[in-house]
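# Survey of secondary and tertiary structure
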Amino acid sequence: MSDGAKKVVVLGAGMVGAAIARDLADDGGLRVDVADVRPESLERVAERARVGKVRADLGNPDAVRRLVAGYDVVVGALPSVIGFETVRTVIEAGRDLVDISFMPENALELDGLARERGVTTVVDCGVAPGLSNMMCGQAASRLEPCERIEIYVGGLPVARHWPFDYKAGFAPWDVLEEYTRPARVVEHGRVVVKEPLSEPELLEFPGVGTLEAFNTDGLRSLAYTLKAPFMKEKTLRWPGHAELMRVLKDTGFFSLEPLDVGGQKVRPRDLTAALLFPKWTFEAGEADLTVMRVRVEGSENGTRVVHAWDFVDRFHEGTGLRSMSRSTGYVAASVARLVARGGFRRPGVHPPETLGAIPGLLDGVLADLAARGVRCRGTITRLAA
């Protein structure tokens, strides 16, 4: 450990938080702690990396405020239900933050507070949203006009198992959030709200096979920060999964409204989670993969072009890290290192597309990923006039 090392704390020792902490711990210029309320989760991280362990109730804003006061940079890897409050608390504490939580609230509403406190905050900084936003931000900055943005992304098990053909590579509760939040897309220059899980289509991915894509609320900030008349993001799963989820959703199994069952008040989603999540849990050593396709179309120097990226990553046996943990965690870790070293210093709350528009920044993140075996192929194709 070098003298004067920056102090970083990772909030959350789950699948993705553990990957972030392990990656940052390999940086000799950083001193890394990981915080969680679960001692067993802290132990699992500490067995694989030189990190300090901090047991804390991260659902308590006062506990978070006291904790982060001793660090230079905070990395948030918490469930969506406490994501926004945690971001607010860290900003109020005057600490720079890189966050990955899939919060339903609009974190950009905290931009004024972050500017007032003089802190740099990057939100939605995973693989998608996150890396996908950086790609769109870079491409859109080069196109005049930018005409169309399409993002297809998903994490799924390599082996299919009936009936769901799915297991969760991140917090399962946030998967249900994907399936229930209204999906915002942009059509003819206007934000349009569609049903989640709607408009399924089949796509072919080399080396993977046929996947189905359906609407989810993945565009998030892109729908408002970039100017393109057509934008959409769709989630990828093995074919058949979306229809089964639509049946559960339309029957009411994902509802948060309590039902009276034999004199007991029960939220259907709580029961559904108790039944589903054990079946959506990966077995030790079970392989997963992450697939992403990004296409940004427009005109560059008078020529119509498509900026495209294709991304396929798989479970890494050497580290024991799942693909979704790697691809999400390594993006957040790369940006956290950038913030810690002063490579991105801009008070306010920033979505990742802001970073992507900075020349060379996306290339640096992709180089960090490639150095860790996570590779992405980018192309620029000229279209016929």
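Refer to the structure presented above.
Residues numbered from 1 in each chain as written. Predicted model: local features only at pLDDT ≥ 70, side-chain atom pairs only at ≥ 80, totals over all residues. Heavy atoms only, no water.

### Digging into the pattern of salt bridges
Definition in use: Salt-bridge detection follows one rule: a side-chain nitrogen of Lys or Arg within 4 Å of a carboxyl oxygen of Asp or Glu. Helix and strand definitions follow DSSP, with helices as H or I runs of at least four residues and strands as E runs of at least two, each counted in order from the N terminus. Relative accessibility under 20% of the residue-type maximum defines a buried residue, over 50% an exposed one, and the middle range a partly exposed one, all with a 1.4 Å probe and only protein chains included.
Evaluation of the coordinates by the stated rule reveals 31 salt bridges. A salt bridge links Asp-23 to Arg-372, with the shortest nitrogen-to-oxygen separation between them at 2.5 Å. With Asp-23 in helix α1 (residues 15–25) and Arg-372 in the loop between α13 (361–371) and β18 (376–382), this residue pair connects regions lying 349 residues apart in the sequence. You can call Arg-372 partly exposed: its relative accessible area is 26%.

### A few points about the nonpolar core
One broad trend across soluble globular proteins is that nonpolar side chains are buried collectively. Basically, it comes down to this: The set of buried Ala, Val, Leu, Ile, Met, Phe, Trp, Tyr and Cys residues whose side-chain atoms join them within 4.5 Å is what this entry labels a nonpolar core. Should any heavy atoms of two residues lie within 4.5 Å, those residues are considered in contact.
Among the nonpolar cores identified, the biggest contains 67 residues, and Ile-20, Leu-24, Leu-131, Ile-149, Val-296 and Val-335 are the most heavily contacted of them. Among the elements that make up this core, the one with the highest residue count is helix α11 (residues 323–340) (nine residues). Those residues in contact with Leu-24 that lie beyond four places of it in its chain are Val-8, Val-10, Leu-30, Val-32, Val-75, Ala-333, Ala-336 and Arg-337. Within the second largest apolar cluster, 25 residues are counted, among which are Val-87, Leu-97, Val-123 and Val-349.

### Details of the layout of surface pockets
What counts here: Cavities and pockets were defined on a 1 Å grid built from protein atoms only: a cavity is a group of points that admits a 1.4 Å probe but offers it no way out, a pocket is an open group of points flanked by protein on both sides within 12 Å along at least five of seven lines, and a lining residue is one with an atom within 4 Å of any such point. Grid points are joined across faces, edges and corners, and a volume is the space filled by probe spheres set on the points. Note on residue classes: Ala, Val, Leu, Ile, Met, Phe, Trp, Tyr, Cys and Pro are nonpolar, Asp, Glu, Lys and Arg are charged, and everything else, Gly too, is polar.
Of the voids in this model, the second largest pocket is the one considered here, and its volume is about 240 Å³. Contributing to the lining of the second largest pocket are 14 residues, with Glu-105, Asn-106, Arg-184, Arg-220 and Ser-221 lying nearest its centre. Residues belonging to the lining of the second largest pocket are distributed by class as follows: six nonpolar, two polar and six charged.

### Considerations on the sheet that holds strand β17 (residues 348–350)
To keep things clear, this is the line we draw: Pairing between two strands requires that DSSP report at least two bridges joining them. Working convention: axes come from line fits to C-alpha atoms, limited for helices to the stretch in contact. Angles between N-to-C directions cover 0 to 180 degrees.
Strand order in the open sheet formed by seven strands is β3-β2-β1-β4-β5-β6-β17, with parallel pairing between adjacent strands. Each edge of the open sheet carries a strand with a single partner, namely β3 (52–55) and β17. Strand-to-strand twist across the sheet, computed as the mean angle between neighbouring axes with direction ignored, equals 20°. Summarising the sheet, strand β1 (residues 6–11) and strand β2 (residues 30–36) pair through six bridges and their orientation is parallel.

### Describing the packing of α11 against α13
Defined as follows: Each angle receives one of four descriptions, namely roughly parallel if under 35 degrees, roughly antiparallel if over 145, roughly perpendicular if within 65 to 115, and oblique otherwise. Here a crossing is called left-handed whenever its near helix is offset anticlockwise from the far helix by less than a right angle, and right-handed whenever the offset is clockwise.
The interhelical angle for the contact between α11 and α13, taken along N-to-C directions, is 125°, at an axis separation of 9 Å. One way to sum up the angle between α11 and α13 is to call them oblique. Here α11 runs over α13; the crossing is right-handed. Along its contact with α11, which presents Tyr-330, Val-331, Ser-334, Val-335, Arg-337 and Leu-338, the element α13 presents Leu-361, Val-365, Asp-368 and Leu-369. When the residues that make up the contact of α11 with α13 are grouped by side-chain class, the tally is seven nonpolar, one polar and two charged.

### Observations concerning the packing of aromatic side chains
To keep it simple, the criterion reads: Planes of paired rings set the category: under 30 degrees apart is stacked, over 60 is edge-to-face and the rest tilted, where pairs are Phe, Tyr or Trp rings (Trp by its six-membered ring) whose centres lie within 6.5 Å. Charge-over-ring contacts are defined here by two conditions on Lys NZ or Arg CZ: a distance within 6 Å of the ring centre and an angle within 35 degrees of the ring normal.
The full count for this structure, using the stated rule, is four aromatic pairs. Their ring planes at 85° and their centres at 6.1 Å tell us that Phe-164 and Trp-280 sit as a pair that is edge-to-face. Taken as a pair, Phe-164 in the loop between β7 (146–157) and α7 (172–180) and Trp-280 in the loop between α10 (268–276) and β15 (288–300) lie far apart in primary sequence, 116 residues in all. For Trp-280, a relative accessible area of 1% puts it in the buried group. The rings of Phe-164, Tyr-166, Phe-277 and Trp-280 are connected pair by pair, giving a single aromatic cluster. Taking the ring centre of Tyr-71 as reference, the NZ or CZ of Lys-7 above it sits at 5.3 Å.

### Describing the packing of helix α6 (residues 131–142) against α13
For the pair α6 and α13, interaxial distance at closest approach is 10 Å and the crossing angle is 145°. In terms of crossing hand, the pair formed by α6 and α13 is left-handed. In this structure, α6 contributes Leu-131, Met-134, Met-135 and Gln-138 to the contact, and α13 contributes Leu-361, Leu-362, Asp-363, Val-365, Leu-366 and Leu-369. Along the lines of polarity and charge, the residues of the contact of α6 with α13 split into eight nonpolar, one polar and one charged.

### Digging into the pairing of β3
Side chains on a regular strand alternate between the two faces of the sheet. To keep things clear, this is the line we draw: Orient the strands so they point away from the viewer, and a crossover whose first-strand-to-second-strand path over the helix runs clockwise is right-handed.
In this sheet, β3 lies alongside β2 in parallel orientation, the contact comprising four bridges. Looking at the pairing, Asp-33 lines up with Gly-52 of β3. Note on the crossover from β2 through helix α2 (residues 39–48) to β3: the handedness is right-handed.

### Quick look at unusual backbone geometry
In this model, Glu-144 is joined to Pro-145 through a cis peptide bond whose omega is 0°. Inspection of the secondary structure assignment puts Pro-145 in the loop between α6 and β7. Cis geometry is found at the peptide bond from Trp-162 to Pro-163, where omega equals 5°. Notably, Leu-197 is not glycine yet its phi reads approximately 75°, a positive angle. Topologically, Leu-197 is positioned in the loop between β9 (190–194) and β10 (201–205). What makes Leu-197 buried here is its relative accessible area of 0%.

### Some words on the state of the cysteines
This is how the line gets drawn: Note on terminology: disulfide denotes any pair of cysteine sulfur atoms within 2.5 Å.
This structure, assessed with the given rule, holds zero disulfides. For Cys-136, which is in no disulfide, the shortest distance to another cysteine sulfur is to Cys-146 and amounts to 7.8 Å. You can call Cys-136 buried: its relative accessible area is 0%. The class of Cys-146 is buried, set by a relative accessible area of 6%.

The analysis is restricted to geometry; functional conclusions fall outside its scope.
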